[in-house]
Amino acid sequence: MSRIAVVPGSFDPVTLGHLDVIERAAKIFDQIHVLVVHNPAKTALLPVAQRVSLIERAILDAGFEGNIIVTSWSVGLLVDYCTEVGASVIVKGIRSQVDVAYETPMAIVNRNLAGVETIFMLPDPAHAHVSSSLVRQVAGLGGDVAPYVPKAVADFLQNG
Ligand code: PNS
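Residues numbered from 1 in each chain as written. Predicted model: local features only at pLDDT ≥ 70, side-chain atom pairs only at ≥ 80, totals over all residues. Heavy atoms only, no water.

Enquirer: Account for a nonpolar patch on the surface, with residues named and values stated.
Expert: A surface patch of nonpolar side chains, about 250 Å² in accessible area, is lined by Leu77, Val109 and Leu113. Following the sequence through the fold, valine 109 ends up in helix H4 (residues 97-114). Owing to a relative accessible area of 43%, valine 109 belongs among the partly exposed residues under this scheme. (Patch = residues over 30% accessible without salt bridge, like charges linked within 9 Å, V, L, I, M, F, W, Y side chains within 5 Å. Areas by Shrake-Rupley, 256 points an atom, 1.4 Å probe, with all protein chains shown as cover. Salt bridge = Lys/Arg side-chain N within 4 Å of Asp/Glu carboxyl O. Helix = DSSP H or I, 4+ residues; strand = E, 2+ residues; numbered from the N terminus. Buried < 20%, exposed > 50% of the residue type's maximum accessible area, 1.4 Å probe, protein only.)

Enquirer: Go over the pattern of salt bridges, please, and point to the residues and values.
Expert: Within this structure, the stated rule accounts for eight salt bridges. Between arginine 95 and aspartate 99 there is a salt bridge, and its shortest N-O distance comes to 2.8 Å. Aspartate 99 sits in the buried class, given a relative accessible area of 8%. The network of salt bridges with shared partners includes Asp12, Arg51 and Arg136.

Enquirer: Outline the layout of surface pockets, listing residues and values.
Expert: Put simply, the largest pocket is a space of about 960 Å³. Lining the largest pocket are 41 residues, with Gly9, Ser10, Lys92, Tyr102 and Glu103 positioned closest to its centre. At the level of secondary structure, the elements contributing two or more residues to the lining of the largest pocket comprise strand E1 (4-9), helix H1 (16-28), strand E4 (89-93), H4, strand E5 (117-121) and helix H5 (132-140). Considering each element in turn, the lining of the largest pocket owes the most residues, eight residues, to H4. Tallied by class, residues from the lining of the largest pocket come to 19 nonpolar, 15 polar and seven charged. (1 Å grid on protein atoms, 1.4 Å probe; cavity = no way out; pocket = protein on both sides within 12 Å on 5 of 7 lines; lining within 4 Å. Points joined across faces, edges and corners; volume = space filled by probe spheres on them. Nonpolar A, V, L, I, M, F, W, Y, C, P; charged D, E, K, R; others polar.)

Enquirer: Give me the lowdown on the environment of asparagine 159, citing residues and values where you can.
Expert: As for its placement among the helices and strands, asparagine 159 is situated in helix H6 (residues 151-159). Once the C-alpha coordinates of asparagine 159 and serine 132 are considered, the two residues, 27 residues apart in sequence, prove to be 18 Å apart.

Enquirer: Which residues make up the side chain of lysine 92, and what values go with them?
Expert: Relative to the assigned elements, lysine 92 resides in strand E4. Looking at lysine 92, the relative accessible area reads 15%, which means it is buried. Polar contacts involving the side chain of lysine 92 include one to the side chain of glutamate 103, which spans 3.0 Å. (Polar contact = N/O pair within 3.5 Å; in protein donor to acceptor, adjacent residues only side chain to side chain.)

Enquirer: Can you lay out the sheet that holds E4 for me, pointing to particular residues and giving the numbers?
Expert: Reading across the sheet, the five strands line up as E3-E2-E1-E4-E5 and stay open at both edges, with parallel pairing between neighbours. The sheet is open, and its two edges are formed by strand E3 (68-73) and E5, each paired on a single side. Ignoring which end each strand starts from, the neighbouring axes of this sheet average 30° apart. Sheet topology note: the strand E2 (residues 31-37)/E3 ladder contains six bridges and is parallel. Following the sheet pairing, leucine 35 is matched in E3 by threonine 71. Contacting E1, E2, E3, E4 and E5, H1 crosses the sheet at an angle of about 120° to E5. (Pairing = 2+ DSSP bridges. Axes fitted to C-alpha atoms, helices over the stretch in contact; angles between N-to-C directions. Contact = heavy atoms within 4.5 Å.)

Enquirer: Report on unusual backbone geometry, specifying residues and quantitative values.
Expert: With omega at 5°, the peptide bond leading from aspartate 12 into proline 13 counts as cis. On the secondary structure map, proline 13 appears in the loop between E1 and H1. Although it is not a glycine, phenylalanine 11 adopts a positive phi angle of roughly 50°. Within the element layout of this structure, phenylalanine 11 appears in the loop between E1 and H1. Exposure remark for phenylalanine 11: the relative accessible area of 3% places this residue in the buried category.

Everything listed is a geometric property; what it means functionally is a separate question.
Put into structure tokens, the structure is as follows:
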């Protein structure tokens, strides 16, 4: 039986921390769906289609595209997507206790809704301080985001 996992998030934009989790998850599961989901609680920097294309580019550049699908979801619950593609697991990166507190209620709700389990994965500590919101802020104020994001994202944010 093929083990499919979904790595969901806003990915606005994808960071090196996200990429690290995607790469680790892709080594454990047969197939990974990186799912860009619009989070209404956050003010977006990039359109969803742009986020998808930057993740695709970053995965290609990193050379680990084999079992990874990148797509987006806007028509319902995250677990509806999981059910549709036959994924029984959601993978989320956890940088700190703050992330655990943020992710735990969502993980429990997703399990209650559809029996989809969430696995928390620890990224490389080198990325522990990296977040999309920090990148959005630094980029918005003209700072260099190259140390925090894949090259494709840094190029896009710098040159459009
Ligand atoms: O990167 P983010 O913004 O922390 O990701 C949060 C996201 C998009 C994964 C979460 O908001 C989500 O799952 N949204 C989809 C709607 C949904 O299923 N909500 C109920 C379960 S929490």
